[in-house]
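What follows is each chain in one-letter form.
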Amino acid sequence: MESYALLVAATLNAGTVLALAALGLLINEKAGVLNLGAEGMMLCAAIAGFAAVIHTGNDWIGFAAGMGAGALLAALFGVLVIWLGTNQYATGLALSLFGVGFSAFAGIGYVQEKLPERASHAIPFLADIPLVGPAFFRQHPLVYITIALVLGLIWFLYKSRPGLVLRSVGESPESAHALGYPVRRIRLLAVVVGGALCGLSGAYISVVYTPLWVEGMVAGKGWIALALTTFATWRPARVLLGAYLFGGVTMLQFHLQGAGVDVPSQLLTALPYVATIVVLALISRNPTWIRINMPASLGKAFHPGS
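Residues numbered from 1 in each chain as written. Predicted model: local features only at pLDDT ≥ 70, side-chain atom pairs only at ≥ 80, totals over all residues. Heavy atoms only, no water.

> Please explain the overall build of the protein chain as it appears in this structure.
Assigned secondary structure in the protein chain consists of 14 helices and 0 strands. The C-alpha atoms of the protein chain give a radius of gyration of 20 Å, which matches the 19 Å a tight globule of 306 residues would have. Once the C-alpha set of the protein chain is aligned to its principal axes, its extents read approximately 60 × 45 × 40 Å. Counting the 306 residues in the protein chain, one finds 49% classified as buried. Considering only contacts within the protein chain whose residues lie at least 6 apart along the sequence, 79% involve residues at least 24 apart. Looking at the protein chain as shown, the accessible area adds up to about 14300 Å², and 70% of this sits on carbon and sulfur atoms. Of note, the protein chain has its 16 positive side-chain charges centred 17 Å away from the centre of its 11 negative side-chain charges. (Helix = DSSP H or I, 4+ residues; strand = E, 2+ residues; numbered from the N terminus. Rg over C-alpha atoms; globule rule 2.2 N^0.38 Å. Buried < 20%, exposed > 50% of the residue type's maximum accessible area, 1.4 Å probe, protein only. Contact = heavy atoms within 4.5 Å. Areas by Shrake-Rupley, 256 points an atom, 1.4 Å probe, with all protein chains shown as cover. Lys, Arg positive; Asp, Glu negative; His and termini not counted. Charge placed at Lys NZ, Arg CZ, Asp CG, Glu CD.)

> Explanation requested: the packing of helix α3 (residues 59-83) against helix α9 (residues 183-209) in the structure shown.
Axis angle and axis distance: for two packed helices, these are the angle between their axes and the distance between the axes, and together they describe the pair. Direction vectors running N to C along α3 and α9 enclose 145°, while the axes themselves pass 6 Å from each other. The two elements α3 and α9 meet at a crossing, and its hand is right-handed. Its residues placed into classes, the contact of α3 with α9 shows 18 nonpolar, 6 polar and 4 charged. (Axes fitted to C-alpha atoms, helices over the stretch in contact; angles between N-to-C directions. Left-handed = near helix turned anticlockwise from the far one by under 90°. Nonpolar A, V, L, I, M, F, W, Y, C, P; charged D, E, K, R; others polar.)

> What should I look at first to understand empty space enclosed by the protein in this one?
Think of a ball as big as a water molecule: rolled over the atoms, this probe shows where empty space is left. One pass over the full model with this rule turns up 1 cavity of 30 Å³ or more. Put simply, the largest cavity is a space of about 50 Å³. Lining the largest cavity are V33, V81, I82, Q88, R184, R187, K300, A301 and F302. Listed by contribution, the elements that provide at least two residues to the lining of the largest cavity are α3 and α9. Its residues placed into classes, the lining of the largest cavity shows 5 nonpolar, 1 polar and 3 charged. (1 Å grid on protein atoms, 1.4 Å probe; cavity = no way out; pocket = protein on both sides within 12 Å on 5 of 7 lines; lining within 4 Å. Points joined across faces, edges and corners; volume = space filled by probe spheres on them.)

> Honestly, helix α2 (residues 38-56) in this entry has me stumped. Any pointers?
Helix length check: α2 (19 residues) gives 26 Å between terminal C-alpha atoms against 27 Å at 1.5 Å per residue, within 8%. Of all the 19 residues making up α2, 15 are buried; the element is thus mostly covered by neighbouring parts of the structure. Taken from the residues just after α2, G57 is the one with a positive phi, measuring 75°. (Expected span 1.5 Å × (residues − 1).)

> Please clarify how the environment of F125 should be interpreted in this entry.
Residue position: F125 is located in the loop between α4 (88-106) and α5 (132-136). On the basis of relative accessible area, F125 is assigned to the exposed category, the value being 71%.

> What should I look at first to understand helix α10 (residues 221-231) in this one?
Each α-helix turn comprises 3.6 residues. Residues three or four places apart therefore point the same way. For α10, a buried count of 8 out of 11 residues is recorded, marking the element as mostly surrounded by other parts of the structure. Taken together, the buried positions of α10 are occupied by K221, G222, I224, A225, L226, A227, L228 and T229. T233 lies just past α10 and shows a positive phi near 45°.

> Any chance you could explain a nonpolar patch on the surface here in plain terms?
Together, V8, L126, I129, L131, V132 and F136 make up an exposed nonpolar region whose accessible area comes to about 420 Å². Examined against the element boundaries, L131 turns out to sit in the loop between α4 and α5. Among the residues examined, L131 registers a relative accessible area of 33% and is labelled partly exposed. (Patch = residues over 30% accessible without salt bridge, like charges linked within 9 Å, V, L, I, M, F, W, Y side chains within 5 Å. Salt bridge = Lys/Arg side-chain N within 4 Å of Asp/Glu carboxyl O.)

> Help me understand the packing of helix α7 (residues 161-171) against α9 in this model?
Across the interface, α7 lies against α9 with an axial gap of 10 Å and an inter-helix angle of 105°. Considering the angle they form, α7 stands roughly perpendicular to α9. Seen from α7, the contacting residues are V165, L166 and V169; seen from α9, they are V183, I186, R187 and A190. Across the contact of α7 with α9, the residue classes break down as 6 nonpolar, no polar and 1 charged. (Parallel < 35°, antiparallel > 145°, perpendicular 65-115°, else oblique.)

> What exactly am I supposed to notice about unusual backbone geometry here?
With the exception of glycine, most residues fall at negative phi, and the peptide bonds are largely trans. In the Ramachandran plot, F125 falls in the positive-phi region, its phi being about 70° despite a non-glycine side chain. Backbone geometry places A219, a non-glycine residue, at a positive phi of 55°. Along the chain, A219 turns up in the loop between α9 and α10. By relative accessible area, A219 is classed as partly exposed at 35%.

> In this structure, what is going on with the side chain of E29? I would like to understand it.
Mapped onto the elements, E29 comes out in helix α1 (residues 2-30). Put simply, E29 is tucked away with no salt bridge, and the nearest opposite charge, on K30, sits 9.0 Å away. Within the local environment of E29, its side chain forms a polar contact with the side chain of W234, the two groups lying 2.6 Å apart. (Polar contact = N/O pair within 3.5 Å; in protein donor to acceptor, adjacent residues only side chain to side chain.)

Rendered as structure tokens:
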């Protein structure tokens, strides 16, 4: 039973990485912008956050550095696609490739570095409850902040006026523009906020999830987060549940290996990616369902003068 409690704890930890990145991409897509550069942004944020913690010894400064790196790259992407009218798909792929190469170059000097010892994040009394304590109450504070972020985003999107404006920009930018809303500025703000969340996810990987720096350590999680937004039909609560599902599949491979299950390690390593393909294949069987939930202007350029 103790091993199952540890599996649940690891699932929450792994799911937080995907949830943060997917929530950032969801904000982008709610505004009608599709950013395929999550992988590159997360890698650059991972090295920025790791380097910041090495030099300051403070995790939160590392998270701030990661968010800054993600926001900066997202702002560059936003200017290119929103103001200069470049293709969103090609620009996002270019951003992803740039992030992979730049992070590898910038991180050469940090490969052998080790992070300082960190304090325990166990919640007093609750962490000592058998089974439940190790599973739920010994997590990094960012795990709980992510859950609160989901609740806040639900309120923002569906209960607040700014959230309604954001969704209207994603559904019909022409109508929002006709009502006097600055569509391009709203989209840029959404892209920057989404990039900051992707950056926070990347920093969480290198500072908490696997506290080290290795080239390419994001290992496709940015692409899984991108698929997760579609899997969740652009709903924050479903994003969180889907992130924990994929996180559980990721951690299951280590649990099975530790239990001595006679399955090739390569197959177990491929489990998260196989799960992604299977889920997307199942969703694609009902394109009408996706079309109903997808922001109508997703991936489409908007020109105020047209």
